[in-house]
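Listed below, chain by chain, are the residues.
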Amino acid sequence: MKKYIKIRPRLPYRHAGYQDSTRLDPSKVYRARIAFNQPDYAEKGKVFVDCPGDAPELMLEKDEYTVIK
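What you see is a predicted model; the values in this text were computed from it and never measured.

### Concerning the nonpolar core
Then, in step 1: By size, the foremost hydrophobic cluster in this structure holds 14 residues, and its most contacted members are Ile 5, Ile 7, Leu 24, Val 47, Val 49 and Leu 60.
Then, in step 2: Those elements giving two or more residues to this core turn out to be strand E1 (4–9), strand E2 (30–34), strand E3 (47–49) and strand E4 (58–60).
Then, in step 3: Top element by residues in this core is E2. It accounts for three residues.
Then, in step 4: For Ile 7, the contacting residues outside a window of four places in its chain are Lys 28, Val 29, Tyr 30, Ala 32, Val 47, Val 49, Leu 60, Tyr 65, Thr 66 and Ile 68.

### Some words on the sheet that holds E2
Then, in step 1: Here we have five strands laid out as an open sheet, ordered E4-E3-E2-E1-E5, and antiparallel in their pairing. If you trace the sheet from one side to the other, it starts and ends with E4 and strand E5 (65–68), each paired once. For this sheet, the mean angle separating the axes of adjacent strands, direction not counted, is 45°.
Then, in step 2: Examined bridge by bridge, E3 and E4 share three bridges and lie antiparallel to one another. In the strand pairing of E4, Phe 48 is matched with Met 59.

### Quick notes on the environment of Glu 43
Then, in step 1: With respect to the secondary-structure elements, Glu 43 resides in helix H1 (residues 41–44).
Then, in step 2: On the basis of relative accessibility, which here comes to 53%, the residue Glu 43 falls in the exposed class.
Then, in step 3: Sequence separation between Glu 43 and Lys 62 is 19 residues, and the spatial gap between their C-alpha atoms is 8.8 Å.

### Digging into unusual backbone geometry
Then, in step 1: Positive phi, close to 55°, is recorded for Asp 40, a residue that is not glycine.
Then, in step 2: With respect to the helices and strands, the residue Asp 40 is situated in the loop between E2 and H1.
Then, in step 3: Residue classification places Asp 40 among the partly exposed residues on the basis of a relative accessible area of 43%.
Then, in step 4: Even without being glycine, Asp 54 reaches a positive phi, approximately 60°.
Then, in step 5: Residue Asp 54 is classed as exposed on the basis of its relative accessible area of 79%.

### Quick look at the side chain of Lys 46
Then, in step 1: Tracing the backbone through its elements, the reader meets Lys 46 in the loop between H1 and E3.
Then, in step 2: An unpaired buried charge is present at Lys 46: no salt bridge exists, and Glu 61, the closest side chain of opposite charge, is 4.3 Å distant.
Then, in step 3: Among the polar contacts made by the side chain of Lys 46, one reaches the main-chain carbonyl oxygen of Pro 39 at a distance of 3.0 Å.

Here is what the cut-offs are and how they apply
Residue numbers run consecutively from 1 along every chain, following the written order of its sequence. Where totals are concerned, whole chains, interfaces and linings use all residues; where local detail is concerned, this predicted model gives features only for residues with pLDDT of at least 70, and gives and counts side-chain atom pairs only at 80 or more. The side-chain quantities take in all heavy atoms of the structure and omit both hydrogens and water. Working definition of a nonpolar core: buried Ala, Val, Leu, Ile, Met, Phe, Trp, Tyr and Cys residues. They are joined through side-chain atoms within 4.5 Å. For each residue, the accessible area found with a 1.4 Å probe, counting protein chains only, is set against the maximum for its type, and the residue is called buried under 20%, exposed over 50%, and partly exposed in between. For helices the rule is a DSSP run of H or I covering at least 4 residues; for strands it is a run of E covering at least 2, with both sets numbered from the N terminus onward. Only heavy atoms matter for contacts: two residues are in contact if any of them lie within 4.5 Å across the pair. Here a strand pair is declared whenever DSSP counts at least two bridges between the two strands. Every axis in this analysis is a line fitted to C-alpha atoms, fitted for helices over the stretch in contact. Angles between the N-to-C directions lie between 0 and 180 degrees. Residues counted as positive are Lys and Arg, residues counted as negative are Asp and Glu, and His and the chain ends are not counted. When a carboxyl oxygen of Asp or Glu is within 4 Å of a side-chain nitrogen of Lys or Arg, the pair counts as a salt bridge. We call two N or O atoms a polar contact when they sit within 3.5 Å, provided that within protein one can donate a hydrogen and the other can accept it, with sequence-adjacent residues counted only if both atoms are side-chain atoms.

Limitation: the analysis is restricted to geometry and does not speak to function.
Pasting the structure below:
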């Protein structure tokens, strides 16, 4: 089973209260880790993606990103 996929976020997501420099850039491709430890990870397409600027990783669901092949 594949552990990582390449994604492009649909919006500039970031954690609340973190600086703008920690936003995901919708024009960039990121490596995301499949969120196997989350309930309904397969059905909801949950992945973890590292944020820039040493912010914690974000969890996105399938409608929040595009898979890049």
